[in-house]
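As a plain string of letters, each chain reads:
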Amino acid sequence: MHELALMEEIVRLIEQDASKRNIGTITKVELLVGELSNALPAALEMAFDVYKLQKDNRLAEDAQLIIHFERAKAFCPICGQEYEPQSRIVQCPSCLLPSGRIIAGEAFRILTYEGSLTS
Ligand SMILES: [Zn+2]
């Protein structure tokens, strides 16, 4: 489950930012996760729960994870059609050429997070 490693990296990045802003406890994390990003939302949620229980980070015990899922979308420059690709091999359903360009679904990033200031 590589989502554990991904979540570790996310927590580390947020903690770095939080320490600059004097944020002691992180209460909410929002991620944008594309369908083609190779990260499964359910596995990310499990990984988040694992890190919440650990004491060596700034995540609150009841911190929330919100995942915004981005569907895969491709565009065919030959015929101009937009469609949902079935995989990374993007064959246009209209002209049947593997000419599609992925325009959505590859995202994987931290959108925002919330926390409380160190007292
Ligand atoms: Zn086409």
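- In the nomenclature of an unreviewed UniProt entry, the protein chain is known as Hydrogenase maturation factor HypA of Parageobacillus thermoglucosidasius.
- Looking at the protein chain in UniProt, the text filed under Sequence similarities (unreviewed entry) is "Belongs to the HypA/HybF family."
- The protein chain has a UniProt comment under Function (unreviewed entry) that states "Involved in the maturation of [NiFe] hydrogenases. Required for nickel insertion into the metal center of the hydrogenase."

1. Quick word on the sheet that holds strand 6 (residues 108–117)
- Pairing within the open sheet is mixed, and its 3 strands lie in the order 2-1-6. Bordering the open sheet on either side are strand 2 (59–70) and strand 6, each of which pairs with just one other strand. Between one strand and the next, the sheet's axes are offset by a mean angle of 20°, whatever the strand orientation.
- Bridge count for strand 1 (residues 23–34) against strand 2 is 8 bridges, and the pairing is parallel. Each residue of the ladder has a partner; that of Leu 31, found in strand 2, is Ile 67.
- Relative to the sheet, helix 1 (residues 3–20) contacts strand 1, strand 2 and strand 6, its axis offset from that of strand 1 by approximately 135°.
- Strands in contact with helix 2 (residues 41–53) are strand 1, strand 2 and strand 6; relative to strand 2, the strand with the most contacts, it is inclined by about 165°.

Procedures and definitions
Every chain is numbered on its own, with residues counted from 1 as its sequence reads. Reporting of local features is limited, given that this is a predicted model, to residues whose pLDDT is at least 70; pairs of side-chain atoms are given and counted only at 80 or more, and all residues count toward the totals for whole chains, interfaces and linings. Note: side-chain values were computed over all heavy atoms of the structure, leaving out hydrogens and water. UniProt positions are given in the numbering used here, feature names are shortened, and annotations may be inferred rather than shown by experiment. By definition, two strands form a pair when at least two bridges between them are found by DSSP. For the purposes of this entry, the term helix denotes a DSSP run of H or I that reaches at least four residues, the term strand denotes a run of E that reaches at least two, and both are numbered from the N terminus. Throughout, an axis means a line fitted to C-alpha atoms (over the contacting stretch in the case of helices), and angles, computed between N-to-C directions, take values from 0 to 180 degrees. Contact criterion: two residues are considered in contact whenever any of their non-hydrogen atoms come within 4.5 Å of each other.

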